[in-house]
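Fold and geometry: a report
Next come the chains, spelled out residue by residue.
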Amino acid sequence: LSQLPGWSLRPDGSIVIATGNDDALGVYTCTPYNSYGTAGESQPTRVLLKDPPAFTVRPKEEYFQEVGRELVIPCTARGDPPPTVTWLKVGSAGQSGAQVDGNSSLIFRPLVKEQHGLWECTATNQVASVSATTSVHVLGTSPHAVTNVSVLPLLLAANVSWEPGFDGGYFQRFSVWYTPLVKHPPRAHHDWVSLSVPVGAQHLLVENLQPDTSYQFSVLAQNKLGSGPFSQIVTSVPRGKRGFPVTTVPPEPPAMTVRVFLSPPQALSANETVRGVLLQWEPPAQLSVALSGYALELRQDKGGWEVLDRSIPSTKTQVLVPGLIKDAFYEFRLVAFAGNYISDPSNTVNVSTAGMEVYPSRTQLPELLPQPVLAGVIGGICFLSVAVIFSTMAACIMNRRRAARMQKRRQGRSRLDGH
């Protein structure tokens, strides 16, 4: 063994081969012995070299597809012996309704909301196992439930925080729901109170709570397609003021519990111009708070929605969108903001730039000169053209008259010569 680098013998008689190569191939026997001799060698064993699995096609890190459509995710591997490829949704049992074809590709036909999440492809043979993961994002659904809801008890208040789930491809809004756990509620029904969360926030301070009273908290996500599932319920007890009497009068509801009416922008329309697409709309028909502004969303060729401009003033009812790509299909929609509230999206308008010259050519005169200068240049060209025409006509008339006079003079001379 000393002549083979990386080979060693353990005290229990096992041979350790640090690196498997052609030197390790062959038939081996083991002969135990002691001071009395040996009882013989073991049965022979053969050492073969096999290849562990290796991916020849790995799935991408992320896939985005709309609900109801087909999605195929490839995953192939090689090895000796050939590996077996399996798929599993991380955090759930089985394949959640997905199928695997003969090429080991994962097939969603059709794609449903419950198949959103992390998927793992595993290739296994007798030597080893290797795996690769990918995230599947299902677009066009209601939001997924928020996670990791926590409640920090404060003085007569509680700070509720969470991690958002996937938004389903649309703007999502959050609301915090809470209710006291009391044996004899002062109201006829045990109601939950909901508070709207400011746009973009992942926490909310719930105030005016009763001290030393257990409260249940839950968070709900919503988008234009509806509400997602409620989060898990978390119970917490706000702290009270020591030494101060505890009032039994129900607290006044927070100001944010007032129902807010904010309808979407109306009558969104699109008109093609030489400088881009001009979008026009009408303000929301119903709003109970002052309008703060608008946000414009677009998506290209049925892809995911993106925020194009989130700071359109509330006084504007039109916006110009330049720089669109030729021969593409666009969709636009608008949402309204009022303080911490956001409306549902407006109607969607479609714009096709097939054959449309979105940007005028840089060699065209209107791009090079301001309109007043351009008007002067055009006027000068027209004046010069008219002057040249009149000059040509005058020259022709003068030439004709001169030719007529010359002709008369020649005729007069010929008559005198005849007499």
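Keep in mind the model is a prediction, meaning the values are calculated, not measured.

1. Some words on the sheet that holds strand 13 (residues 129-139)
Taking strand neighbours across the sheet as the criterion, the four strands line up as 6-13-12-9 in an open arrangement whose pairing is mixed. With one partner strand each, in any of the chains shown, strand 6 (62-66) and strand 9 (84-89) form the two edges of the open sheet. With direction set aside, neighbouring strand axes in the sheet form an average angle of 25 degrees. In terms of strand pairing, strand 6 meets strand 13 through five bridges, oriented parallel. Among the inter-strand pairings, Glu66 is bridged to a residue of strand 13, identified as Leu139.

2. Brief notes about the pattern of salt bridges
In the structure shown here, the tally under the stated rule is six salt bridges. Among the ionic pairs, Arg69 bridges to Glu66, the shortest N-O distance being 3.7 Å. The partly exposed category is assigned to Arg69, whose relative accessible area is 39%. Put simply, Glu70 and Arg109 hold a salt bridge, and the shortest N to O gap is 2.5 Å. Here Arg109 lies in the loop between strand 11 (106-108) and strand 12 (117-124) and Glu70 lies in the loop between strand 6 and strand 7 (71-73), a separation of 39 residues in the sequence. Residue Arg109 is classed as exposed on the basis of its relative accessible area of 55%. In the salt-bridge network here, residues are joined through shared partners; they are Glu66, Arg69, Arg299 and Glu331.

3. Points about the packing of aromatic side chains
All told, the structure shown has nine aromatic pairs when counted by the stated rule. Ring centres of Phe108 and Trp119 lie 5.1 Å apart, and the angle between their planes is 75 degrees; on these two criteria the pair is classed as edge-to-face. Pair noted here: Phe108 is in strand 11 and Trp119 is in strand 12, with a separation of 11 residues, a long-range link. Here the two residues Phe108 and Trp119 agree in accessibility, since each one is buried. Ring centres 5.5 Å apart and planes at 85 degrees place the aromatic pair Trp177 and Phe230 in the edge-to-face group. In this pair, Trp177 is assigned in strand 16 (residues 173-180) and Phe230 in the loop between strand 20 (226-227) and strand 21 (234-236), connecting sequence segments 53 residues apart. Three or more aromatic residues link up through ring pairs in this structure, and these residues are Tyr178, Tyr215 and Phe217.

4. Observations concerning the nonpolar core
Counting residues in hydrophobic clusters, the biggest one holds 20 residues, and the most contacted among them are Val160, Trp162, Val176, Val206, Phe217 and Val219. Sorting the residues of this core by element identifies strand 14 (147-154), strand 15 (157-163), strand 16, strand 18 (203-206) and strand 19 (215-223) as the ones contributing at least two each. When residues of this core are assigned to their parent elements, the largest contribution, four residues, is made by strand 19. Among residues more than four places away in sequence, those in contact with Val206 are Ala157, Ala158, Val160, Val176, Tyr178, Leu195 and Phe217.

5. Side note on the confidence of the model for the chain
Averaged over all residues, the pLDDT of the chain is 80; the fraction at 70 or higher stands at 80%. Across the chain, the secondary-structure element scoring lowest on mean pLDDT is helix 1 (residues 365-368), at 36, and the one scoring highest is strand 7, at 95. This model gives residues 243-260 a pLDDT under 50, and the stretch forms 21 contacts once residues within four places in sequence are excluded. Note on residues 358-371: pLDDT under 50 across the span, and 22 contacts to partners over four residues away in sequence or across chains.

6. Comments concerning a nonpolar patch on the surface
There is a patch of nonpolar side chains on the surface, built from Val386, Ile389, Phe390 and Met393 and spanning about 410 Å² of accessible area. Examined against the element boundaries, Phe390 turns out to sit in helix 2 (residues 371-418).

7. Observations regarding the state of the cysteines
Going through the model one piece at a time under the given rule, you end up with one disulfide. The disulfide partner of Cys75 is Cys121, and the S-S distance across this bridge is 2.0 Å. On the sign convention where negative is left-handed, the bridge of Cys75 and Cys121, at about -90 degrees about the S-S bond, is left-handed. Taken as a pair, Cys75 in the loop between strand 7 and strand 8 (76-80) and Cys121 in strand 12 lie far apart in primary sequence, 46 residues in all. Taking relative accessible area as the criterion, Cys75 reaches 0% and is therefore assigned buried.

Cut-offs used in this document
- Residues numbered from 1 in each chain as written.
- Predicted model: local features only at pLDDT ≥ 70, side-chain atom pairs only at ≥ 80, totals over all residues.
- Heavy atoms only, no water.
- Pairing = 2+ DSSP bridges.
- Helix = DSSP H or I, 4+ residues; strand = E, 2+ residues; numbered from the N terminus.
- Axes fitted to C-alpha atoms, helices over the stretch in contact; angles between N-to-C directions.
- Salt bridge = Lys/Arg side-chain N within 4 Å of Asp/Glu carboxyl O.
- Buried < 20%, exposed > 50% of the residue type's maximum accessible area, 1.4 Å probe, protein only.
- Phe/Tyr/Trp six-rings, centres within 6.5 Å; stacked < 30°, edge-to-face > 60°.
- Core = buried A, V, L, I, M, F, W, Y, C linked by side-chain atoms within 4.5 Å.
- Contact = heavy atoms within 4.5 Å.
- pLDDT = per-residue confidence, 0-100.
- Patch = residues over 30% accessible without salt bridge, like charges linked within 9 Å, V, L, I, M, F, W, Y side chains within 5 Å.
- Areas by Shrake-Rupley, 256 points an atom, 1.4 Å probe, with all protein chains shown as cover.
- Disulfide = S-S within 2.5 Å.

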